[in-house]
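The primary structure of each chain is shown beneath.
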Amino acid sequence: MRKVGFYPRLAIRSLRLNGKFYLPYLLSGIVSAAMLYDILFLNMNRGIYQMKGVNAVQGLLGFGAMVVAIFSFALLCYTNGFLMKRRQKELGLYNILGMEKRHMARLLFWETVCSALICVAGGLVLGVLLSKLFLLLLCAVVGMEVPFGFEVPAAAVVYTVAAFGGIFLLNYLLNIVRLNKVKPIELLKGTESGEREPRTKWLLAVFGLLTMGAGYGISLTVSDPVTAMVLFFLAVILVIVGTYCLFTAGSIALLKALRKNKTYYYRTRHFTAVSGMLHRMKRNAAGLATICILSTMVLITVSTTLCLYMGVNEILDRMYCRDVQTYVNHGAPEDLPKVKALYERKAAELGVKMEDFAALCFYAPATEYANNRADIEPYLERADGADVVGDPADGPLRVYVGCNLAPNADASLFAASVAVGTSQLELSSSWSFTDDCRAGRADFWASLGGFFFIGLFLGSLFLMAAVLIIYYKQISEGYEDARSFVIMQQVGMTQAEVKSSIRSQISLVFFLPLVAAACHTAGAFPMTKKIMLLFGLTNTGLFLLCSLGTFLLFALVYYGIYRLTAREYYRIVRR
Amino acid sequence: MSLLEVKNLRKVYTTRLGGTGVEALKNVSFAVEAGEFVTIMGESGSGKTTLLNILAALDRPSGGRVLLNGEDMAGVRERDVTAFRRDNLGFVFQDFNLLDAFTVRDNIFLPLVLAGKGYEEMNARLLPLAQALGIRELLDKFPYELSGGQKQRTAVGRALITRPAILLADEPTGALDSKASDSLLRVFESLNAQGQTILMVTHSVAAASHSKRTLFLRDGMIYHQLYRGNRTIGEMFAEISHTLTVMTSGENGHA
């Protein structure tokens, strides 16, 4: 009779045996579960609910949680597919030893249960441990006070468990489908079957070139910020499609062209590298393209959000002219004294002292969205005490009244009473606004901080995914290449030649996505720069600096990963 | 002077923790003249592979010497060994050891590319060789598109393109069916007739009966040798089978 718990124990054993492959999978599962929990925690934390300027941040966090969940799903599906491919031989052996497919399904079920338990439990523990740290980070970045206490929102736990349960269930179903499709002899052969050489797909290469060109073209030619915002996602999709096509078809076309050039191809260094790349491009092109796109995502997300955050003071400085300000659009000159009087009356009623009081009427083009400091300051300078500036031919008349308040004065109360007051005045236009700019600043600061936080958060998630894909790629290639390198040594390749050939191959495969990502980021620069204008950031130098800094940091991390995985690769190949 | 001389060769394998060693080769001496076709026969564990690995400079002997063209292989420096092997020895393996990523042409070119030869020269060498091996039509195919016999002939092409002094073949028919084996052995015979020296290691009687001389290896020693002389392949087959029967039934050697 079969012992109780045979399959669970077998499942645990096989997880342990395949540790080299499963460990990174489980680790990334744990980390993504922790990240999902933490972002949900921040979204649901009651402590921050009660704070000012938090609404914008919370919306962002909700959006971030969705991205994390979808991304975790894609990541774990990809990794799981890779793992199953590697384990075909083992499963084939089980099959030959008399395990039926339904038994294997049971084994896979227990394996999935084990990995799900490890990932969810580990992820929750890690998430809870890190939650306070993330909260501190968020509060620091957003400029909020840190709420006291420590909480574990039940809803965050439930959502995390549900999301990851779903992901693992789906992975299990995919594995069953995979299992049912293969025959035992194929299971045994697994990854070793000869790979047909990829055909050159010119059409796809040209299509990739066109889409990529279109994406870059949009970025380089778009002239105004609003259009840039609208077309940004179109450009992103075009470039993603182009990247996949060019990596898959373009690389093969290029390598084949290199192979045709006999004097180039038949050199020790190029010979193995070109043919090896050609051989593996079919399967690995998609992986390389994914790494490239993830890298680009990290670079753009982090550099833009970092730049906005760094430039927040500059933006705020340009945004608001005074602490409290009122405009009347399409107004009349006789409105000015009424609003002026209202300000003085309210200031006296509330006992606040107005500083830098400014009041004037000016004619400005209707298209000009004239309530930023940058817009109003020139008129104030031109007025030099006069009440009306400009020519009616310039556009409709606007009335502007504003003042600064002492730091301890209650700006929101003052702004609110002014706003109530204006609605009771009989103005020539009903189109009037009163801004509490201090609250506006705090709100804006919080949302840019939130952007930055989400940028960092998602950036590190994307980075983790890129690392994982790179790691698995290197490992699987190591196992595939080991045999080739033994043969080459037998045929007369020296150890040193083997090493340099490996190095040139790895570095090519590694740095191709990085270079492409740098190109994409540079290509997107004109467009992202325009979008930054929408946020009021005009400092191109700062943006350039942030982009370069982000890229350097990223390249450093990337190089570290390269060194680590290259070492692992050597170890496998050297056997 | 013989092309290849093996004198009092010994090889002892010791386990990593020390302890007693296993003596794979005890005292092996023989010589191969230029233009010979020699087979070394023996059961598994007789030391065949060890011997071949030492001849191929893949392994170093514990004692004794191997001279190729009068040059002691022990004198070749470690970092020159690969180049030495590439320039003097050609290899054919049981499981072909072709690279999947290369076409037949590029597989054959591989050693020359590693030696830094130009394309024109490689091509000039390839065509007559491919003609002789009957793989001229297959040059642009990939290994996975070939039959076992075609793969092995490709491997022979790769071994011979460097014009090695000696062709070392390790169980070349081991993974082939009888028809492909026969055709490969005929290729060997005709190469040998053109002056190529061949040293083959096998335990297949059929393969051995094609060679001009057969050495029998047992328990790390040369036990016996047979010259084919004017005998037909059939007669040689019977002779070798008889020798093997005697050898495995445990009589003392009389070589």
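These figures come from a predicted structure and were not determined experimentally. Residue numbers restart at each chain and count upward from 1, following the sequence in its written direction. To read the labels, note that chains go from A and ligands from 1, taken in the order they are written. With pLDDT at 70 or above as the cut-off, local features in this predicted model cover only qualifying residues; side-chain atom pairs require 80 or more to be listed or tallied, and sums for whole chains, interfaces and linings still use all residues.

Visitor: Help me understand the overall build of chain A in this model?
Guide: A count of helical and extended segments in chain A gives 19 helices and five strands. Across its three principal axes, chain A shows a C-alpha extent of roughly 95 × 65 × 35 Å. For chain A, with 575 residues in total, the buried portion stands at 43%. The contact criterion used here is simple: two residues whose C-beta atoms, placed from the backbone, lie within 7 Å are in contact. In chain A, 89% of the contacts between residues at least 6 apart in sequence involve partners at least 24 apart. Each helix is a run of H or I in the DSSP string that is no shorter than four residues. Each strand is a run of E no shorter than two, and both are numbered from the N terminus. Three exposure classes are used. Buried residues have 20 or more other C-beta atoms within 10 Å of their own C-beta, exposed residues have 12 or fewer, and partly exposed residues fall in between, all C-beta atoms being placed from the backbone.

Visitor: I tried to follow the overall build of chain B on my own but got confused; where do I start?
Guide: Summing up its helical and strand segments, chain B has eight helices and 10 strands in all. At 18 Å, chain B has a C-alpha radius of gyration in line with the 18 Å of a compact globule built from 255 residues. Its C-alpha atoms give chain B principal-axis dimensions of roughly 55 × 45 × 35 Å. Relative to its 255 residues, chain B shows a buried fraction of 43%. Relative to all contacts within chain B whose residues are 6 or more apart in sequence, the contacts with residues 24 or more apart total 71%. The atom set for the radius of gyration is the C-alpha atoms, and the globule formula is 2.2 Å times the number of residues raised to the power 0.38.

Visitor: Honestly, the domain arrangement of chain A in this entry has me stumped. Any pointers?
Guide: As a measure of interface size, the accessible area lost when the parts come together is often cited. Note that the domain bounds reflect an automated or database-derived domain assignment. Entries for chain A in the domain assignment read domain 1 (1-189), domain 2 (199-316 + 440-575) and domain 3 (331-430). The centre of domain 2 of chain A, based on its C-alpha atoms, is set 51 Å off from the matching centre of domain 3 of chain A.

Visitor: Quick question: what am I supposed to make of the sheet that holds strand β10 (residues 221-227) of chain B here?
Guide: Note: strands within a sheet are paired through backbone hydrogen bonds, in either parallel or antiparallel orientation. Residues and elements named next belong to chain B. By this definition, two strands are paired if DSSP reports at least two bridges between them. Taken together, the six strands give an open sheet; going across it, the order is β6-β7-β8-β3-β9-β10, and neighbouring strands pair in mixed fashion. Strand pairing shows two members of the sheet lacking a second neighbour, β6 (89-92) and β10, which therefore form its edges. Neighbour-to-neighbour, the strand axes of the sheet open up by a mean angle of 20°, direction not taken into account. In this sheet, strand β9 (residues 213-218) lies alongside strand β3 (residues 37-41) in parallel orientation, the contact comprising four bridges. Within β9, the position partnered with I40 by the bridge is L215. Helix axes use the C-alpha atoms of the stretch in contact, all axes being lines fitted to C-alpha atoms, and the angles between their N-to-C directions lie in the range 0 to 180 degrees.

Visitor: Sorry if this is basic, but what is going on with helix α1 (residues 48-55) of chain B here?
Guide: Each turn of an α-helix holds 3.6 residues, which means side chains three or four residues apart point in the same direction. Residues and elements named next belong to chain B. The buried fraction of α1 amounts to six of the eight residues, a majority that puts the element mostly inside the structure. When we look at burial in α1, the residues that qualify are K48, T50, L51, L52, I54 and L55. Positive backbone phi, at 60°, marks A57, one or two positions downstream of α1.

Visitor: Whenever I open this one, the packing of helix α5 (residues 148-160) of chain B against helix α6 (residues 178-193) of chain B confuses me. Can you help?
Guide: Geometry of a packed helix pair, given as the angle between the helix axes and the separation of the axes. Residues and elements named next belong to chain B. Between α5 and α6, the shortest axis-to-axis distance is 9 Å and the interhelical angle comes to 20°. Considering the angle they form, α5 stands roughly parallel to α6. Crossing handedness for the pair α5 and α6: right-handed. On α6, the residues that touch G148, G149, Q152, R153 and V156 of α5 are A180, S183, L184 and V187. Residues that form the contact of α5 with α6 fall into these classes: four nonpolar, four polar and one charged. Angle categories: roughly parallel below 35 degrees, roughly antiparallel above 145, roughly perpendicular from 65 to 115, and oblique for all the rest. Crossings are classed by handedness, with left-handed meaning an anticlockwise turn of the near helix from the far one by less than a right angle and right-handed meaning a clockwise turn. When residues are sorted by character, Ala, Val, Leu, Ile, Met, Phe, Trp, Tyr, Cys and Pro go into the nonpolar class, Asp, Glu, Lys and Arg into the charged class, and all the rest, Gly among them, into the polar class.

Visitor: Hey, could you run me through the nonpolar core in this one?
Guide: Formed by 185 residues in total, the largest nonpolar core has its most connected members in A:A33, A:L36, A:I39, A:L308 and B:L168. Taken domain by domain, this core gets at least three of its residues from each of domain 1 (1-189) and domain 2 (199-316 + 440-575) of chain A. With residues up to four places along the chain from it excluded, the contact list for B:L168 reads B:L52, B:L55, B:A56, B:L89, B:G90, B:F91 and B:L199. For our purposes the nonpolar core covers buried Ala, Val, Leu, Ile, Met, Phe, Trp, Tyr and Cys residues that link as a set through C-beta atoms within 7 Å.

Visitor: Is there a simple way to explain the confidence of the model for chain A in this structure?
Guide: Do not read the predicted coordinates in detail wherever pLDDT is low. Per-residue confidence from the predictor is reported as pLDDT, which spans 0 to 100. Looking at chain A as a whole, the pLDDT averages 83, with 92% of positions reaching at least 70. Within chain A, the lowest mean pLDDT, 62, falls on helix α8 (residues 184-189) of chain A, and the highest, 92, falls on helix α9 (residues 202-221) of chain A.

Visitor: What's the story with helix α3 (residues 104-115) of chain B in this structure? I'm lost.
Guide: Residues and elements named next belong to chain B. Counting buried residues in α3 gives 10 out of 12 residues, a clear majority hidden from the surface. Turning to α3, its buried residues are V104, D106, N107, I108, F109, L110, P111, L112, V113 and L114. Of the residues flanking the end of α3, it is G116, one or two places downstream, whose phi is positive at about 80°.

Visitor: Where do I start with the environment of A:A253 in this structure?
Guide: Summarising the element assignment, A:A253 is placed in helix α10 (residues 225-260). With near-sequence residues (within four places) excluded, A:A253 lies in contact with A:T200, A:W202 and A:A205.

Visitor: Mind showing me how you'd approach the pairing of strand β4 (residues 63-68) of chain B here?
Guide: Side-chain direction in a regular strand flips from residue to residue, so the side chains alternate between the two faces of the sheet. All names here are of chain B. One ladder, built from five bridges, connects strand β1 (residues 4-15) with β4; its direction is antiparallel. Bridge pairing in β4 places R10 opposite G63. Here two bridges tie β4 to strand β5 (residues 71-72), and the two strands are oriented antiparallel to one another. Looking across to β5, one finds that L67 is bridged to D72. Linking two consecutive strands that pair antiparallel, namely β4 and β5, is a turn of two residues; a positive phi of about 55° is found at N69 within it.

Visitor: How do you make sense of the sheet that holds strand β3 (residues 388-389) of chain A when you look at a structure like this?
Guide: Residues and elements named next belong to chain A. Ordered in space as β3-β2-β4-β1-β5, the five strands form an open sheet in which the pairing is mixed. On the outer flanks of this sheet lie β3 and β5 (432-436), each paired with one strand and no other. Packing of helix α14 (residues 335-350) onto the sheet brings it into contact with β1 (324-329), β2 (354-363) and β4 (397-405), and relative to β4 it is tilted by some 15°. Sitting on the sheet, helix α16 (residues 411-424) touches β1, β4 and β5, and the angle it makes with β5 is about 170°.

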